[in-house]
Amino acid sequence: QVQLVESGGGLVQVGGSLRLSCTASGIIFKINEMRWYRQAPGKQRELAASMHESGNTYYGDSVKGRFTIFRENRNKNTVYLQMNSLKFEDTGVYYCNAEITDDPRDYGKDYWGVGTLVTVSS
């Protein structure tokens, strides 16, 4: 079974920075893509950023230019989300999501972390 564990959330002032991390563990043949979703209070969950196993990245319009998703080459099971110039509207629960193939004979499956809360205050 695969698990995703997030860390790094917390309280930060407007304009500040936070770095989230997500580590996948368990039986992993290949990580196809890792993503960060977020859900603000009273709003739908939205995709903030993603990284394909090729290294290609995607950013939602609301975070483009402020957030960076990256991983270390020596440990591709961990993905980070560097969040700079944080705004009030970045407040929410941030969820790590990954499509992971645990058996080369099978398709990738979707896995979710439990989420980490980010609160941006004045």
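Residues numbered from 1 in each chain as written. Predicted model: local features only at pLDDT ≥ 70, side-chain atom pairs only at ≥ 80, totals over all residues. Heavy atoms only, no water.

1. Quick look at the overall build of the chain
Thought 1: Scanning the chain from N- to C-terminus turns up zero helices and 11 strands.
Thought 2: Reading the secondary structure of the chain in the N-to-C direction produces β-β-β-β-β-β-β-β-β-β-β.
Thought 3: Rg of the C-alpha trace for the chain: 14 Å, near the compact-globule value of 14 Å for 122 residues, within the 12% margin.
Thought 4: In terms of principal-axis extent, the alpha carbons of the chain reach across some 50 × 25 × 20 Å.
Thought 5: Expressed as a percentage of the 122 residues in the chain, the buried residues total 41%.
Thought 6: Put simply, 55% of the contacts in the chain that link residues at least 6 apart link residues at least 24 apart. (Helix = DSSP H or I, 4+ residues; strand = E, 2+ residues; numbered from the N terminus. Rg over C-alpha atoms; globule rule 2.2 N^0.38 Å. Buried < 20%, exposed > 50% of the residue type's maximum accessible area, 1.4 Å probe, protein only. Contact = heavy atoms within 4.5 Å.)

2. A look at the nonpolar core
Thought 1: Grouped together as the largest cluster of nonpolar side chains are 28 residues, with contacts concentrated most on L4, M34, W36, L81 and M83.
Thought 2: Apart from residues no more than four positions distant in its own chain, M83 is found in contact with G16, S17, L18, L20, R66, F67, Y94 and V118. (Core = buried A, V, L, I, M, F, W, Y, C linked by side-chain atoms within 4.5 Å.)

3. Concerning the pattern of salt bridges
Thought 1: Applying the stated rule across the entire model yields 11 salt bridges.
Thought 2: With a closest N to O distance of 3.1 Å, K64 and D61 form a salt bridge.
Thought 3: Under the relative-accessibility criterion, D61 is labelled exposed at 68%.
Thought 4: Residue R66 is joined to D90 by a salt bridge in which the shortest nitrogen-to-oxygen separation is 2.7 Å. (Salt bridge = Lys/Arg side-chain N within 4 Å of Asp/Glu carboxyl O.)

4. What to know about the sheet that holds strand β1 (residues 3-7)
Thought 1: The strand order β1-β3-β8-β7 describes an open sheet built from four strands, whose pairing is antiparallel. Among the strands making up the open sheet, the edge pair consists of β1 and β7 (67-72). Going across the sheet, the axis of each strand differs from the next one's by a mean of 20 degrees, ignoring polarity.
Thought 2: By the bridge criterion, six bridges tie β7 to strand β8 (residues 75-83) in an arrangement that is antiparallel. Residue pairing in the sheet places R71 in a bridge with V79 of β8. (Pairing = 2+ DSSP bridges. Axes fitted to C-alpha atoms, helices over the stretch in contact; angles between N-to-C directions.)

5. Description of the packing of aromatic side chains
Thought 1: Scanning all chains against the criterion turns up three aromatic pairs.
Thought 2: When the ring of Y95 is compared with that of W112, the centres are 6.4 Å apart and the planes differ by 80 degrees; the resulting orientation is edge-to-face. One end of the pair, Y95, is in strand β9 (residues 92-101); the other, W112, is in strand β10 (residues 109-112), with 17 residues separating them in the sequence.
Thought 3: Across from the ring centre of Y95, 3.8 Å away, lies the NZ or CZ of R45, which sits over that ring.
Thought 4: Seen from the ring of W112, R45 lies directly overhead, with NZ or CZ sitting 4.9 Å from the centre. (Phe/Tyr/Trp six-rings, centres within 6.5 Å; stacked < 30°, edge-to-face > 60°. Lys NZ or Arg CZ within 6 Å of the ring centre and 35° of its normal.)

Worth remembering: the numbers are spatial, not functional.
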